[in-house]
Amino acid sequence: MTYIHKPVLTKEVLEYLNPKENENFIDCTVGQGGHAKLILEKTGPNGKVLGIDADQEQIKNCRELLKNFEKRLILENDSYANLPKIIKKENFGPINGILLDLGMSSWQLEKSEKGFSFLKDEPLDMRYDSKNQNLTAEQIINEWPENKIEEILKEYGEESFARQISKKISEERQKERIKSTFQLVKIIENSVPKKFSKIHFATRTFQALRIAVNDELNNLIKVLPEAILALSQGGRIVIISFHSLEDRIAKNFLKNKEKEKIFKILTKKPITASNEEIQINPRARSAKIRAAIKL
Ligand code: SAH
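Here goes a summary of the coordinates provided. In this text, all values refer to a predicted model and were calculated from it rather than measured experimentally.

1. What to know about unusual backbone geometry
Looking along the chain, the bond that leaves G44 and enters P45 is cis, with omega of -5°. Take P45: it is sitting in the loop between α2 (34-42) and β2 (49-53). The peptide bond linking G93 to P94 adopts the cis configuration, its omega dihedral lying at -10°. The topology assignment puts P94 in the loop between α4 (83-90) and β4 (95-101). Phi at N22 is positive, roughly 65°, even though this residue is not glycine.

Next comes the structure, spelled out in structure tokens:
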């Protein structure tokens, strides 16, 4: 494997999950196992990690990269939205901690060829799970009504030019089907004013499509209550989010559960990466950690 994803906020993840000898953890977004490896290093000789990923390529990557831990690492190619079913299937427990490192990995961005990056000309796919998931970014762009596209650009992308972009998409798709990332990038470029912005003009549209294709916010909303049920008393949950929509869901959920005396929040304010980490790992730029302990 030539490209390896650098896990974010590793020191902080270990601090808040606090893995100890023989404890068991679930990594709901195992990816290339960057965090899982750090946990496994602390939980010998018998502690286990159940690693879940919706992308079967990532499961393969992780299996190869963490070969040394194969006796203590269980991998499941599934959505974390199915957490109770997966735990039951593996008869996994007791569970001392659960980690969610949301969104996509830099391996998927750089190497999956699924159209996650607006800097590469690839098919508009964006599914993490190409086996069981049907909806692709190409279908959304070519088949959804203009107003529904506008809605996801606004809601999931927080894109101020959602109306202009969706209008242009609906005009262009009548001429020819929009199949590639570069076709879409061109359309976005022609719909937004050319002014200096800190982020690339296609960032928000691509984020919105990825969230919609993979139903990311609903999966997060689904998994959080299941994670509480799964955790042992004193067990910890750590959520790493990368944009305000995810962070809001995590924040409100933990706050409500603290009011109900189910969780104690360990991060009064979300924890972000240091400037040093951001320099070596740009994905850490927008990362925020929230953590809590089950009472
Ligand atoms: N912590 C990992 C990187 C995680 S990146 C590491 O250190 O390597 C996020 C991962 O979550 C991606 O591999 C993506 O495929 C996966 N993912 C996204 N949505 C998911 C879902 N609903 N269920 C399971 N995995 C998901």
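So, next bit.
2. Considerations on the site of the ligand
In the vicinity of the ligand, 25 residues are found, and the nearest of them are H35, D53, Y80, D101 and Q108. Here D53 contributes a side-chain N or O atom positioned 2.7 Å from an oxygen atom of the ligand. A distance of 3.0 Å separates a nitrogen atom of the ligand from a polar backbone atom of A54. Alone, the ligand offers 580 Å² of accessible surface; in the complex the protein occludes 98% of this. Looking at the shell around the ligand, its residues break down into 7 nonpolar, 13 polar and 5 charged.

3. With respect to the packing of helix α1 (residues 10-17) against α2
The axes of two packed helices give the description: the angle between them and the distance between them. Interaxial distance between α1 and α2 falls to 10 Å at its minimum, and their mutual angle equals 45°. It follows from the interaxial angle that α1 and α2 lie oblique. Of the two elements, α1 crosses α2, and the hand of that crossing is right-handed. In this structure, α1 contributes T10, V13, L14 and L17 to the contact, and α2 contributes H35, L38, I39 and K42.

4. Examining the nonpolar core
Judged by nonpolar contacts, the single largest core of 63 residues is most densely connected at I26, L83, I98, L184, L224 and I237. It is helix α11 (residues 216-230) that provides the largest number of residues to this core, a total of 7 residues. Each of domain 1 (10-108 + 217-294) and domain 2 (113-214) gives at least three residues to this core. Excluding its chain neighbours within four sequence positions, the residues that come into contact with I237 are I98, L224, A227, L231, L254, F263, R290, A291 and A292. Counting residues in each nonpolar core, the second largest holds 26 residues, with L9, V30, V238 and A291 among its members.

Thresholds, definitions, all that
Residues numbered from 1 in each chain as written. Predicted model: local features only at pLDDT ≥ 70, side-chain atom pairs only at ≥ 80, totals over all residues. Heavy atoms only, no water. Helix = DSSP H or I, 4+ residues; strand = E, 2+ residues; numbered from the N terminus. Near = heavy atom within 4 Å. Polar contact = N/O pair within 3.5 Å; in protein donor to acceptor, adjacent residues only side chain to side chain. Areas by Shrake-Rupley, 256 points an atom, 1.4 Å probe, with all protein chains shown as cover. Nonpolar A, V, L, I, M, F, W, Y, C, P; charged D, E, K, R; others polar. Axes fitted to C-alpha atoms, helices over the stretch in contact; angles between N-to-C directions. Parallel < 35°, antiparallel > 145°, perpendicular 65-115°, else oblique. Left-handed = near helix turned anticlockwise from the far one by under 90°. Contact = heavy atoms within 4.5 Å. Core = buried A, V, L, I, M, F, W, Y, C linked by side-chain atoms within 4.5 Å. Buried < 20%, exposed > 50% of the residue type's maximum accessible area, 1.4 Å probe, protein only. Domains from an automatic or database assignment.

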